[in-house]
Amino acid sequence: MRFLQIFQQLLDHYGAQHWWPGDTPFEVMVGAVLTQNTAWTNVERAIENLKKNKALDPEVILDTGSKELAEWLKPSGYFNVKAERLKHFCQWYVGRGGLNGLKGWHLHDLRADILGVKGIGPETADDILLYALDHPVFVIDAYTRRLFSRLGLVKGDEGYEQLRFKFEAELERDVALFNEYHALIVIHAKDTCRKRVPRCEACCLEDGCRFSKTKD
DNA sequence: ACCCAGGGTCATA
DNA sequence: TATGACCATGGG
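Conventions adopted
- Residues numbered from 1 in each chain as written.
- Chains lettered and ligands numbered in written order.
- Predicted model: local features only at pLDDT ≥ 70, side-chain atom pairs only at ≥ 80, totals over all residues.
- Heavy atoms only, no water.
- Helix = DSSP H or I, 4+ residues; strand = E, 2+ residues; numbered from the N terminus.
- Axes fitted to C-alpha atoms, helices over the stretch in contact; angles between N-to-C directions.
- Parallel < 35°, antiparallel > 145°, perpendicular 65-115°, else oblique.
- Left-handed = near helix turned anticlockwise from the far one by under 90°.
- Contact = heavy atoms within 4.5 Å.
- Nonpolar A, V, L, I, M, F, W, Y, C, P; charged D, E, K, R; others polar.
- Phe/Tyr/Trp six-rings, centres within 6.5 Å; stacked < 30°, edge-to-face > 60°.
- Buried < 20%, exposed > 50% of the residue type's maximum accessible area, 1.4 Å probe, protein only.
- Near = heavy atom within 4 Å.
- Polar contact = N/O pair within 3.5 Å; in protein donor to acceptor, adjacent residues only side chain to side chain.
- Core = buried A, V, L, I, M, F, W, Y, C linked by side-chain atoms within 4.5 Å.
- Domains from an automatic or database assignment.
- 1 Å grid on protein atoms, 1.4 Å probe; cavity = no way out; pocket = protein on both sides within 12 Å on 5 of 7 lines; lining within 4 Å.
- Points joined across faces, edges and corners; volume = space filled by probe spheres on them.

Draft legend 1. Structural detail: unusual backbone geometry. With an omega of 0°, the peptide bond running from Trp19 to Trp20 counts as cis. In this structure, Trp20 sits in the loop between α1 (2-14) and α2 (25-34).

In structure tokens form, the structure reads like this:
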């Protein structure tokens, strides 16, 4: 019940976020790879570069030299690593038959399959599954771990899967709910950061500290 | 001049 | 299994 209440508080305060930013499922997937440990504003520039070069397309990415691709990805950081990761992902994407080929999979099988791609870890996989392919997985990121650990609802040092199972057990298995919840957690974290709250941790959802109030 | 960002891989013990 | 090094740009 507590997990749902927190969702309601966040939703009431921030409103629906309608995530993920991106015009197409493929753009969402590319964004998921590029945003690894990276500020979203930097990712936007890289995606703009891809669009400018008509390269926001798996076939084009595969036909582009790593050097040139890395150049386009430069603003998103880790550009050499990400160029390879994007190529690995596109190879998988095309190999599975693109968006159409990815329909009709069982979530468990698809998740295991995509985790086999070099450079796609659990969070990136779940971003893709939830925000591009509409599968009900709860995305766990550093913000989620930090916030709920601070709220005393999780220990904080659990493994990724353990945390994911916890959230998925506490909530109704619903794509729209998981989609909005993770988005709100990220927005909340950015909001508290913007207010210069140290490490985004001094704002909590407890009584007397209602989102905008800073403790300490 | 730091610190951090919507992680993941690889080498080591 | 569990740390640590590494990847790298841009904003606060």
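Draft legend 2. View of the packing of helix α5 (residues 66-73) against helix α6 (residues 79-95). The interhelical angle for the contact between α5 and α6, taken along N-to-C directions, is 115°, at an axis separation of 8 Å. By the angle between their axes, α5 is roughly perpendicular relative to α6. Like other packed secondary-structure pairs, α5 and α6 cross with a definite hand, here right-handed. Contact with α5, carried on its side by Ser66, Leu69, Ala70 and Leu73, involves Phe79, Asn80, Lys82, Ala83, Glu84, Leu86 and Lys87 of α6 and no other residues of that element. The class makeup of the residues in the contact of α5 with α6 is 6 nonpolar, 2 polar and 3 charged.

Draft legend 3. Main features of the packing of aromatic side chains. A complete count under the given rule lists 15 aromatic pairs for this structure. Ring geometry for Phe7 versus Tyr181: centroids 5.1 Å apart, planes at 50°, classification tilted. Highlighted residues: Phe7 in helix α1 and Tyr181 in helix α12 (residues 175-194), separated in sequence by 174 residues. Just as Phe7 is buried, Tyr181 falls in that class too. When the ring of Trp19 is compared with that of Trp20, the centres are 5.7 Å apart and the planes differ by 55°; the resulting orientation is tilted. Assessed through its relative accessible area of 10%, Trp20 is described here as buried.

Draft legend 4. Inspection of the protein's contact with DNA strand C at higher detail. Residues in contact with DNA strand C, as listed here, are Asn42, Arg45, Lys74, Pro75, Gly77, Tyr78, Phe79, Asn80 and Val81. Taking the atoms of DNA strand C that fall within 4 Å of the protein, sugar and phosphate contribute 56% of them. Within the side chain of Tyr78, a nitrogen or oxygen atom sits 2.3 Å from a base nitrogen of DNA strand C. At 3.1 Å, a backbone N or O of Val81 approaches a phosphate oxygen of DNA strand C.

Draft legend 5. Focus on the nonpolar core. The biggest cluster of nonpolar side chains holds 61 residues, and the ones touching the most others in it are Phe89, Phe148 and Tyr181. For this core, the element with the highest residue contribution is α2, accounting for 7 residues. Structurally, this core is a two-domain feature, drawing no fewer than three residues from each of domain 1 (2-17 + 139-200) and domain 2 (25-132). Each residue touching Phe148, except ones within four places of it in the same chain, is listed here: Phe3, Ile6, Leu153, Val154, Phe167, Tyr181 and Ile185.

Draft legend 6. A look at the packing of helix α3 (residues 40-52) against α5. Their axes nearest at 7 Å, the elements α3 and α5 cross at an angle of 130°. On the basis of the axis angle, α3 is oblique to α5. Residues Ala46, Asn49 and Leu50 of α3 touch α5, and the partners they reach there are Leu69, Trp72 and Leu73. When its residues are assigned to classes, the contact of α3 with α5 shows 5 nonpolar, 1 polar and no charged.

Draft legend 7. Spatial organisation of the layout of surface pockets. If you add up the space inside the largest pocket, you get close to 590 Å³. Looking at which element gives the most residues to the lining of the largest pocket, the answer is α12, with 4 residues. When its residues are assigned to classes, the lining of the largest pocket shows 10 nonpolar, 6 polar and 4 charged. Per-domain counts for the lining of the largest pocket show at least three residues from each of domain 1 (2-17 + 139-200) and domain 2 (25-132).

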